[in-house]
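Here are the chains, one letter per residue:
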Amino acid sequence: MEGKRFVYMDHAATTYVKKEVLEEMLPYFTENFGNPSSVYTFARKSKRAIEDAREKVAKALNALPDEIFFTGGGSEADNWAIKGVAFANKDKGNHIITTKIEHHAVLHACEYLEKHGFEVTYLDVDEYGMVDLDELKRAITDKTILITIMFANNEIGTIQPIAEIGKIAREKGIIFHTDAVQAIGNVKIDVKEMNIDLLSLAAHKFYGPKGVGALYIRKGVKIDNLIHGGGQERRRRAGTENLPGIVGLGKAIELATEDIDGHNEKIRKLRDRLLNGIMEKIPYTKLNGHPERRLPGNINVSFRFIEGESLLLLLDQFGICASTGSACSSGSLDPSHVLLAIGLPHEIAHGSLRLSLGDMNTEEDVDYVLSVLPNIVQRLREMSPLYEKFMKGEK
Amino acid sequence: MEYSDKVMEHFMNPRNVGEISDANGIGEVGNPKCGDMMKIYLKIEDNIIKDVKFKTFGCGAAIASSSMATELIKGKTVEEAWNLTNKAVAEALDGLPAVKMHCSILAEEAIHKAINDYRIKNGLEPWEDKFSKGDHDHHEHHE
Ligand SMILES: Cc1ncc(COP(=O)(O)O)c(C=O)c1O
Ligand code: FES
């Protein structure tokens, strides 16, 4: 195909590893491979590297190094936070509050707890994906032991009023966890100021390696272990540390948080250029999520009359990587729970497209997508019985 | 989703997309709620499928199955077209992923509906198929 290029617009799924990050990691595969738990001098470098990374994560969140625990990614951090708090505090109550738009790592952990005697309230969100603070307050009972609400949504990019939620939770003495997997590097986070008790993050969303993450646990929060075994991570999370991964996470979070404003401005500019172009060139298109309170790189739109998986396949033919909330790509009959929670009818959710921009993208990428996407949408619409019906009805 | 080359080829270059203005058998099946919908137009002359066109709202497998199914019934007798199974469509496409088999049922179902539309218009008894007996799970919706 002439003029075809590779355009990666799925940074919310995962990112590439930055060169500076990889370079820091490499020696810990080959030369400094010692087990951080070993006593000899050789292994001390490994131990020190982990503590350096821990300091970097703590600094990025305004936490203490002792409050950072490395995990095998975002899902493990979410599971640990939720199950760990639930089981450690079940003498105080059995009620958990979350939202309908959480990542499955949170939702399925909550559903699991429901099978073990816990009660979970899944808060609704408005058409933009925002939680209603009054509804949150009303959901709190004297049995509530945990509130878990994501910082920023992975599909529609909506950013929640985390500081306000933290304040409510702290006033009521309820533990507050936030899944900040999508927020790191995109939103300034201060766990002290925002009254966050637990926070999950994953390196592969901010140009670090996959399969490594962290859970921030505020000092004094009662939490059970999830992974039982050896005495690593101050006896809180067993398993020989993913040394290169942790080193990479440390470097990546340092880079991602050194200039959040500058990064956001650059990405937002590209995003807005793309979004405005899409809305201008493609009729019957709806923006999903909040117009302002959204991640700088996130676009989520629904094109009426077409289905998302076929859209992705065509984009792929043009070298464009994106994602959709359509049921057809999930293997189930239901489209994305997030799109349903913001009130989209099934057929509109099926036509959703998420483009998540990041450091890989340029203006040329944006212009390329704008040169390809409208034709692809039109091509699928010409094939759609829904479009045919609509056009006939209109005339 | 890993599709065969044949599926991708039909998806990228679908045969028989469109409408037939003087179609004498039309069938529309599916439900946009489930993510898929197919409309098929037949032009039947002397018991032969002279022309066929389709429109499909659905995934790559749904579009490729529609394309393949219309190719397979073109020029065939009405009876032959009726007997086309979704399995045969999937086989002609060098297979479909297991979770995508239900998309190929759509084409079979739409063809049956269009043929019965033709039969009713011509004063004939509609044929009974497994779909009208409701022994398939295509539209089951898990809320
Ligand atoms: C909001 C959110 N939470 C949790 C996860 C899970 O993270 P991981 O894939 O690292 O386990 C992801 C990413 O997939 C995410 O976007
Ligand atoms: S049409 Fe939805 S999975 Fe094929």
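Residues numbered from 1 in each chain as written. Chains lettered and ligands numbered in written order. Predicted model: local features only at pLDDT ≥ 70, side-chain atom pairs only at ≥ 80, totals over all residues. Heavy atoms only, no water.

Draft legend 1. View of the overall build of chain B. Looking only at helices and strands, chain B has five helices and three strands in total. Going from the N terminus to the C terminus, chain B shows its helices and strands as α-β-β-β-α-α-α-α. Buried residues in chain B amount to 54% of all 143 residues. Taking the contacts inside chain B whose residues are at least 6 apart along the sequence as the reference set, 62% of them involve residues at least 24 apart. Accessible area for chain B stands at about 6300 Å²; split by element, carbon and sulfur atoms hold 47% of it. (Helix = DSSP H or I, 4+ residues; strand = E, 2+ residues; numbered from the N terminus. Buried < 20%, exposed > 50% of the residue type's maximum accessible area, 1.4 Å probe, protein only. Contact = heavy atoms within 4.5 Å. Areas by Shrake-Rupley, 256 points an atom, 1.4 Å probe, with all protein chains shown as cover.)

Draft legend 2. Molecular detail of the packing of helix H10 (residues 308–317) of chain A against helix H2 (residues 60–73) of chain B. The contact between H10(A) and H2(B) brings their axes to 7 Å, and the two run at 85°. With respect to their mutual orientation, H10(A) and H2(B) come out roughly perpendicular. Here Glu309(A), Ser310(A) and Leu313(A) of H10(A) lie close against H2(B), whose contacting residues are Gly60(B), Ala61(B) and Ile63(B). Taken together, the residues that form the contact of H10(A) with H2(B) break down as three nonpolar, two polar and one charged. (Axes fitted to C-alpha atoms, helices over the stretch in contact; angles between N-to-C directions. Parallel < 35°, antiparallel > 145°, perpendicular 65-115°, else oblique. Nonpolar A, V, L, I, M, F, W, Y, C, P; charged D, E, K, R; others polar.)

Draft legend 3. View of the nonpolar core. Residue and element names in this part refer to chain A. Within the largest apolar cluster, 71 residues are counted, with the highest numbers of intra-cluster contacts made by Leu274, Phe303, Leu311, Leu353 and Leu373. With nine residues, the top contributor of residues to this core is helix H13 (residues 363–382). In contact with leucine 373, other than residues within four places in its own chain, are Ile278, Ile282, Phe303, Leu311, Leu315 and Leu353. If you look at the next biggest cluster of nonpolar residues, it comprises 64 residues, including Ala60, Ala183, Val212 and Val247. (Core = buried A, V, L, I, M, F, W, Y, C linked by side-chain atoms within 4.5 Å.)

Draft legend 4. Looking closely at the interface of chain B and chain A. Tallying the contact residues gives 30 residues for chain B and 24 residues for chain A. Of the roughly 2400 Å² buried at the junction of chain B and chain A (both faces included), carbon and sulfur atoms supply 63%. Considering only the surface of chain B that becomes buried against chain A, Met12(B), Lys55(B) and Phe57(B) emerge as the three largest contributors, covering 24% of it. Linking chain B to chain A there are five salt bridges. Glu388(A) is paired through a salt bridge with Lys39(B); the nearest N and O atoms lie 3.4 Å apart. Our enumeration of links across chain B and chain A arrives at 14 residue pairs in polar contact (both at pLDDT 80 or more). Grouping the constituent residues of the side of chain B that touches chain A by class yields 15 nonpolar, seven polar and eight charged. (Buried area = accessible area lost by both parts, 1.4 Å probe. Salt bridge = Lys/Arg side-chain N within 4 Å of Asp/Glu carboxyl O. Polar contact = N/O pair within 3.5 Å; in protein donor to acceptor, adjacent residues only side chain to side chain.)

Draft legend 5. Just a nonpolar patch on the surface, in detail. On the surface, Val17(A), Leu22(A), Leu26(A) and Phe29(A) cluster together into a nonpolar patch covering about 330 Å² of accessible area. Topologically, Phe29(A) is positioned in the loop between helix H1 (19–25) and helix H2 (41–61). (Patch = residues over 30% accessible without salt bridge, like charges linked within 9 Å, V, L, I, M, F, W, Y side chains within 5 Å.)

Draft legend 6. Molecular detail of empty space enclosed by the protein. This structure, assessed with the given rule, holds one cavity of 30 Å³ or more. Every residue lining the largest cavity is listed: Phe305(A), Ile306(A), Glu307(A), Ser310(A), Leu380(A), Ser384(A), Thr56(B), Phe57(B), Gly58(B) and Ile63(B). (1 Å grid on protein atoms, 1.4 Å probe; cavity = no way out; pocket = protein on both sides within 12 Å on 5 of 7 lines; lining within 4 Å. Points joined across faces, edges and corners; volume = space filled by probe spheres on them.)

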